[in-house]
Amino acid sequence: MKIMSVNAGSSSLKFQLLEMPQEVVLTEGVVESIGSGEVGRYTIKIQGQKFVKEMVIPTHAEAVEMVLNDLVERKIIHSLDEIEGVGHRIVHGGNKFTESVEITPEVKEEIRKVIPLAPLHNPAHLIGIEAFEKALPNVFQIVVFDTAFHQTMEEDAFMYAVPYEWYEKHQVRKYGFHGTSHQYVAHRCSELMKKDLKDIKMVTLHIGNGASLAAIKNGKCVDTSMGLGPLAGIPMGTRSGTIDPTIIEYIANVEKKSLKEIMTDLNKHSGYLGVSGVSHDSRNLEEAINKDHNKRAKLALDLQAKSIADYIGSYYVYMQGIDAIVFTAGIGENSSAFRERVLNRIRVLGVEYDENKNQERGKEIKISTDNSKIQVFVIPTNEELAIARDVVALKKKANK
Ligand code: ADP
């Protein structure tokens, strides 16, 4: 059966069409600059070949219609009836959703209620859902939440030591993100280790432009580095990660900046980009170090590596041990230099890795040696597949 995995952003729409349960990607693509008033771009990849169209795309509804018609025109499907399910990625599910669910008016209302917690993402997701509901009115559709996997955290991990009314009145707590990815690689790691996930204490590192860690024990997420929003935790491509909140008041005073401007600085002008002044992309920082011995580029990477090592140390104590560490996402999967920087800082935990195996890129591999006290894996993430699997599972459960 053909299942679509969808990720609607504020001005973009990413999709993958999969043949399930065979788990074969039939095609994937992205529509960019929707609603910008400028010329947008639609890219579709078929059997490794890319096709690009440029045109003004006023709304997500037009984007969805264009993609679906194109799938038929290119004969990837004969008719829209072949699509038997759609799964939508949702960034914020608040504390209501612990797993993926079929879309109902009530579910949409809950997603709408937590818009204040994810003001950029959730409105776009709702627009995406409604565009697909209009285009495929009789098709089974579900939502998969980035926050769901982390809902198993205990209070001592998800609460902040702030006035309790902030939690009661405004749901101020840690939620965590990238849950679909953390969950996917954790399960894959337990398969590779031939051990039940319940019997593995694991730390998963999802390190891309956005980056977070998750601590997993007894088969459940027990802690994660992102918080109320995705700015918290370790330094990222353009985000600061967790900082002393005093800095915000101080910069407001000395730079005469508004709260909005400072939040933009912390979200868009910090992390790799802010510290190095070179780029948000780890490849450019590596190049600046290798070619020009750029000190700020090195500092940007070191700040992140130290922060990651600190989190791993704290999770080691919180879980009373770690059996496995998994690297995933753009940087975690591809950058051997990044993995080296992190692993060298946690040798004290008994980590040993094979330098040759660590050179491998973008494939599933165990890079720790047999002597290592912690097994270390690189496991490419696949959020689209995880979403499609949930569509199939929920469809079966709902008998639809
Ligand atoms: P996101 O989904 O958060 O946008 P990704 O997981 O796709 O991010 O990761 C993107 C980042 O991965 C890039 O900014 C770059 O720093 C890094 N990256 C991608 N490919 C490579 C590579 N071959 N070597 C090193 N880093 C890479």
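Conventions used here
Residues numbered from 1 in each chain as written. Predicted model: local features only at pLDDT ≥ 70, side-chain atom pairs only at ≥ 80, totals over all residues. Heavy atoms only, no water. Near = heavy atom within 4 Å. Polar contact = N/O pair within 3.5 Å; in protein donor to acceptor, adjacent residues only side chain to side chain. Areas by Shrake-Rupley, 256 points an atom, 1.4 Å probe, with all protein chains shown as cover. Helix = DSSP H or I, 4+ residues; strand = E, 2+ residues; numbered from the N terminus. Nonpolar A, V, L, I, M, F, W, Y, C, P; charged D, E, K, R; others polar. Buried < 20%, exposed > 50% of the residue type's maximum accessible area, 1.4 Å probe, protein only. Contact = heavy atoms within 4.5 Å. Pairing = 2+ DSSP bridges. Axes fitted to C-alpha atoms, helices over the stretch in contact; angles between N-to-C directions. Phe/Tyr/Trp six-rings, centres within 6.5 Å; stacked < 30°, edge-to-face > 60°. Lys NZ or Arg CZ within 6 Å of the ring centre and 35° of its normal.

S.K.: It is not clear to me how the site of the ligand should be interpreted in this structure. Could you clarify?
M.R.: Taken together, the residues surrounding the ligand are Gly-208, Asn-209, Gly-210, Asp-281, Ser-282, Arg-283, Ala-329, Gly-330, Ile-331, Asn-334, Ser-335 and Arg-361. Ser-282 places a polar main-chain atom, nitrogen or oxygen, 2.9 Å from an oxygen atom of the ligand. For the ligand, the protein covers 69% of the area, taking 580 Å² as the surface of the free molecule. Of all the secondary structure elements, the ones that give two or more residues to the shell around the ligand are α10 (282-292) and α12 (329-334). No other element matches the four residues that α12 contributes to the shell around the ligand. Taken together, the residues of the shell around the ligand sort by class into two nonpolar, seven polar and three charged.

S.K.: Is there a simple way to think about the environment of Arg-296 in this case?
M.R.: If you trace the backbone, Arg-296 turns up in helix α11 (residues 295-319). Overall, the relative accessible area of 46% leaves Arg-296 in the partly exposed class. As for Arg-296 and Leu-273, which are separated by 23 residues in sequence, their C-alpha atoms are 9.9 Å apart. Each residue touching Arg-296, except ones within four places of it in the same chain, is listed here: Gly-274, Val-275, Ser-276 and Gly-277. Of note is the side chain of Arg-296, whose polar atom sits 2.8 Å from the backbone oxygen of Val-275.

S.K.: Any chance you could explain the sheet that holds strand β14 (residues 375-378) here in plain terms?
M.R.: As a general point, the strands of a sheet are linked pairwise by backbone hydrogen bonds and lie either parallel or antiparallel. The strand order β11-β10-β9-β12-β14-β13 describes an open sheet built from six strands, whose pairing is mixed. Here the strands that pair on one side only, and so sit at the sheet edges, are β11 (220-224) and β13 (365-366). Of the pairings in the sheet, the one linking strand β9 (residues 202-207) to strand β12 (residues 324-328) comprises five bridges and is parallel in character. Each bridged residue has a counterpart across the sheet, and for Met-202 the counterpart in β12 is Ala-324. Sheet contacts for helix α6 (residues 179-192): β9, β10 (211-217), β12 and β14; angle to β9, the most-contacted strand, approximately 130°.

S.K.: Mind showing me how you'd approach the packing of aromatic side chains here?
M.R.: Here the distance between the centres and the angle between the planes together describe a pair of aromatic rings. Tallied over the entire structure, the rule returns five aromatic pairs. For the pair Tyr-311 and Tyr-315, a centre-to-centre distance of 5.9 Å together with 55° between the ring planes defines the contact as tilted. Residue Tyr-311 and its partner Tyr-315 are located together in helix α11, separated by four residues, close to a single helical turn. Clustering of aromatic rings is evident, with ring pairs tying together Phe-158, Tyr-164 and Tyr-167. Positioned over the ring face of Phe-158 is Arg-173, at 3.7 Å from the centre of the ring. Geometry around Tyr-175 places Arg-173 over its ring, the cationic atom sitting 5.0 Å from the centre.

S.K.: I'm lost on the sheet that holds strand β3 (residues 24-32) in this one. Help?
M.R.: Taken in spatial order, the eight strands make up an open sheet running β5-β4-β3-β2-β1-β6-β8-β7, and their pairing is mixed. The two strands at the open ends of the sheet, each matched to only one other strand, are β5 (49-56) and β7 (101-102). Bridging between strand β2 (residues 13-19) and β3 involves seven bridges; their strand directions are antiparallel. When the bridges of β3 are listed, Lys-14 appears paired with Val-30. Packed on one face of the sheet, helix α3 (residues 122-135) meets β1 (2-8), β2, β6 (83-90) and β8 (140-145) and runs near 170° to β6.

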